[in-house]
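Chain by chain, the residues:
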Amino acid sequence: MEYVFLLEQVVNGLVQGGYYLLIALGLSLIFSVGGIVNLSHGAFYALGAYFSVTLVNLVGFGPAVVMSPIVVAILGIAFERFILRRFYREDPILSLLITFGLAMVAEQAIRMIWGAAPLSAVLPQWVKGSVILGEFLFSKYRLLMLLVVALILTGLWFLMHRTSFGRVVRAGIEQPDMVAALGIRLQPYMTAVVMLGVGLAALGGALFAPITMVHPAMGAEIITIAFVVVVIGGLGSFWGVIVAALLVGVLRGVTVHFIPAASEASMYVLMLLVLLLRPRGLLGEAIQKFER
């Protein structure tokens, strides 16, 4: 039974890692292309959760999970056009300050619109219950989330490595001057990347709304973990963020099994060790600042 419980914690950790991954990947993409450390990224995650909770009563659970990231991605267009675009070539501290301020504004706006009391989404009947494999018991919905994250990762990898859009974005990350010399404007691609990044964060919020507490400060809580994952994986590294998110999730899951009180501290210890041994992160690489 001890082994079965530990295995359940590992799978729980993978689900938790997938949760972190959706947030951290968007954060890393925006930094990679635009050189912007977006402290308001957690606000888009929170908006995804709130839109999902609101829409689920109108259109049902599945459509709500699909629609809420789309709505947030559309908000991302305005976010990039009127805020981020002003700071690509400025001192990075300015973008940190403006996105931090935006995160505070978004949190208060959520309180004004939805109230300060926590909300919850109701799972549909078809994803309730558990899957039993021998002595192994696991939630159907958590397994479904793991599958969705895997599909999202596969689609994102295909987009970045098998399409002309992805080739331009990766070239813009590594050699922005060369891309500009070829007459390719990176600005439209940056808008698309911001939409994709905040949309991924919103999807994370929508997927986890039924199994977590939906409250105004949830964005501020998740952004710290997202930064830890990005730092461990390496700023700008696609595979580094994936490895780091799953590693942090499993580490926290296993730590809960042995030392419950140290669950949250374990990821900070891991980050410290990685920074001491490899300051770039596990798979980090040099990033050139985005230039228009």
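Everything in this summary refers to the structure shown in the same document. (Residues numbered from 1 in each chain as written. Predicted model: local features only at pLDDT ≥ 70, side-chain atom pairs only at ≥ 80, totals over all residues. Heavy atoms only, no water.)

## Comments concerning the overall build of the protein chain
Selection criterion: The secondary structure listing takes helices from DSSP runs of H or I that are at least 4 residues long and strands from runs of E that are at least 2 residues long, numbered from the N terminus. The rule is simple: take the accessible area with a 1.4 Å probe, protein chains only, and divide by the maximum for that residue type; under 20% is buried, over 50% is exposed, in between is partly exposed. Working rule for contacts: check all heavy atoms of both residues, and any pair within 4.5 Å makes them a contact.
When helices and strands are tallied, the protein chain shows 11 helices and 2 strands. Mapped from its N terminus to its C terminus, the protein chain presents α and β elements in the order α-α-α-α-β-β-α-α-α-α-α-α-α. Along the first, second and third principal axes, the C-alpha set of the protein chain runs to 60 × 45 × 35 Å. Taken across its 292 residues, the protein chain has 48% of its residues classed as buried. Partitioning the contacts of the protein chain with sequence separation of at least 6, the portion at a separation of at least 24 is 77%.

## Details of the pattern of salt bridges
Going by this rule: By definition here, a salt bridge exists when the distance from a side-chain nitrogen of Lys or Arg to a carboxyl oxygen of Asp or Glu is within 4 Å.
All told, the structure shown has 2 salt bridges when counted by the stated rule. Its salt-bridge partner being Glu80, residue Arg85 comes within 2.9 Å of it at the nearest N-O pair. Among the salt bridges present, the one from Glu107 reaches Arg111, with a minimum N-O distance of 3.0 Å. Of this pair, Glu107 and Arg111 both sit in helix H4 (residues 92–114), separated by 4 residues, roughly a single helical turn.

## Observations regarding the packing of aromatic side chains
Short version of the rule: Classification of ring pairs uses Phe, Tyr and Trp, with its six-membered ring standing for Trp, and accepts pairs whose centres are within 6.5 Å; under 30 degrees between planes counts as stacked, over 60 as edge-to-face, and the remaining range as tilted. Lysine NZ or arginine CZ positioned within 6 Å of the ring centre and within 35 degrees of the ring normal marks a charge as sitting over the ring.
In this structure the tally under the stated criterion is 9 aromatic pairs. Taking 5.2 Å as the distance between ring centres and 85° as the angle between the ring planes, the aromatic pair formed by Phe238 and Trp239 counts as edge-to-face. Residue classification places Phe238 among the buried residues on the basis of a relative accessible area of 15%. Judged by relative accessible area, Trp239 falls into the partly exposed class, the value being 46%. Through successive ring pairs, a cluster of aromatic residues spans Tyr19, Tyr20, Tyr45 and Phe208. In this arrangement the basic side chain of Arg81 is found over the ring face of Phe82, its NZ or CZ atom lying 5.2 Å from the centre.

## Some details on the environment of Ile173
Considering the arrangement of structural elements, one finds Ile173 in helix H6 (residues 164–174). Residues Ile173 and Arg81, 92 residues apart in the sequence, show an inter-C-alpha distance of 20 Å.

## As for the side chain of Glu80
Under the convention used in this document: By the criterion applied in these results, polar contacts are pairs of N or O atoms within 3.5 Å in which, for protein atoms, one can donate a hydrogen and the other can accept it, and in which residues neighboring in sequence qualify only through two side-chain atoms.
Positionally, Glu80 belongs in helix H3 (residues 61–82). At 2.9 Å, the side chain of Glu80 forms a polar contact with the side chain of Thr191. Aside from chain neighbours lying at most four places away, what touches Glu80 is Arg85, Tyr88, Gln187, Met190, Thr191 and Val194.

## Considering the environment of Gly233
With respect to the helices and strands, the residue Gly233 is situated in helix H9 (residues 218–233). Spatially, the C-alpha atoms of Gly233 and Ala244 are 4.9 Å apart, while their sequence positions differ by 11 residues. In this structure Gly233 touches Gly240, Val241, Ala244, Gly281, Leu282, Leu283 and Gly284, once residues within four positions along its chain are discounted.

## Here we look at the side chain of Thr99
With respect to the helices, strands and loops of the structure, Thr99 is situated in helix H4. On the basis of relative accessible area, Thr99 is assigned to the buried category, the value being 0%. Sequence-distant contacts of Thr99, defined by excluding residues within four places in its chain, comprise Val37, Asn38, Leu39, Ser40, Phe79 and Leu84.

Purely spatial values, then, with no claim about function.
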